[in-house]
Amino acid sequence: KSIEEKESAKAAAEEALGKANLEKKSKTKEAYSTAMLLRDLHLDCDWLLSNFETRKAARAGEVDALKKAKAVLSGADYALLQTTAGAKRRRLTLGTPRASGTI
């Protein structure tokens, strides 16, 4: 009887060991995939942080361009706007004197 009991105990222990090994393999794969996901997220975050200022400047330029486009579509005519340097250049070329008190 004692041999039969020991053999059944051994069989039960071997079955438990097989299940434990399968579970260990499954958990190892899960941990590896989680580690790879965290690595990818970390790389993405590093890229975003390193390029933040560049992207911020690009977005600001896009917003400015969209505002100007909206103004043009609303009827504003930017072609008629003069810059101070452009006005001075034209006065100098045309020989028109500058009005007193204006820049």
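Here, the structure is the one placed above.
All of these numbers come straight from a predicted model, not from anything done at the bench.

Pulling in residues and values, what's your account of a nonpolar patch on the surface?
A surface patch of nonpolar side chains, about 300 Å² in accessible area, is lined by Leu 37, Leu 38 and Leu 41. Mapping Leu 41 onto the fold places it in helix α1 (residues 2-50). Using a relative accessible area of 45% as the deciding quantity, one classes Leu 41 as partly exposed.

Give me the pattern of salt bridges: which residues, what numbers.
Close approach of charged atoms lets side chains of opposite charge pair. Inspection of the entire model under this criterion finds 5 salt bridges. Lys 10 is the salt-bridge partner of Glu 14, the closest N and O atoms lying 3.9 Å from each other. With Glu 14 and Lys 10 both in helix α1 and 4 residues apart, the pair spans about one turn of that helix. Judged by relative accessible area, which is 47%, Glu 14 ranks as partly exposed. Residue classification places Lys 10 among the exposed residues on the basis of a relative accessible area of 53%. When the shortest N-O distance is used, the salt bridge between Asp 64 and Lys 68 registers 3.6 Å. Here Lys 68 and Asp 64 lie together in helix α2 (residues 52-74), a separation of 4 residues that amounts to about one turn. In this structure Asp 64 comes out as partly exposed when scored by relative accessible area, which is 38%.

Rules of the game
- For every chain, the first residue of its written sequence is number 1, and the numbers climb from 1 along that sequence.
- Confidence filtering applies because this is a predicted model: local features only for residues at pLDDT of at least 70, side-chain atom pairs given and counted only at 80 or more, and all residues used for totals across whole chains, interfaces and linings.
- The side-chain numbers reported here are obtained from all heavy atoms of the structure, hydrogens and water having been left aside.
- Exposure above 30% relative accessible area and no salt bridge define the residues that can form patches, which grow by joining like charges within 9 Å and nonpolar side chains of Val, Leu, Ile, Met, Phe, Trp and Tyr within 5 Å.
- All accessible-area figures derive from a Shrake-Rupley calculation using a 1.4 Å probe, and residue coverage is judged against the displayed protein chains alone.
- Counted as salt bridges are all cases of a side-chain nitrogen of Lys or Arg within 4 Å of a carboxyl oxygen of Asp or Glu.
- A run of H or I in DSSP counts as a helix once it spans at least four residues, and a run of E counts as a strand once it spans at least two, with each numbered from the N terminus.
- Here the term buried applies to any residue with accessible area under 20% of the maximum for its type, exposed to any over 50%, and partly exposed to those in between, with areas from a 1.4 Å probe on protein chains only.

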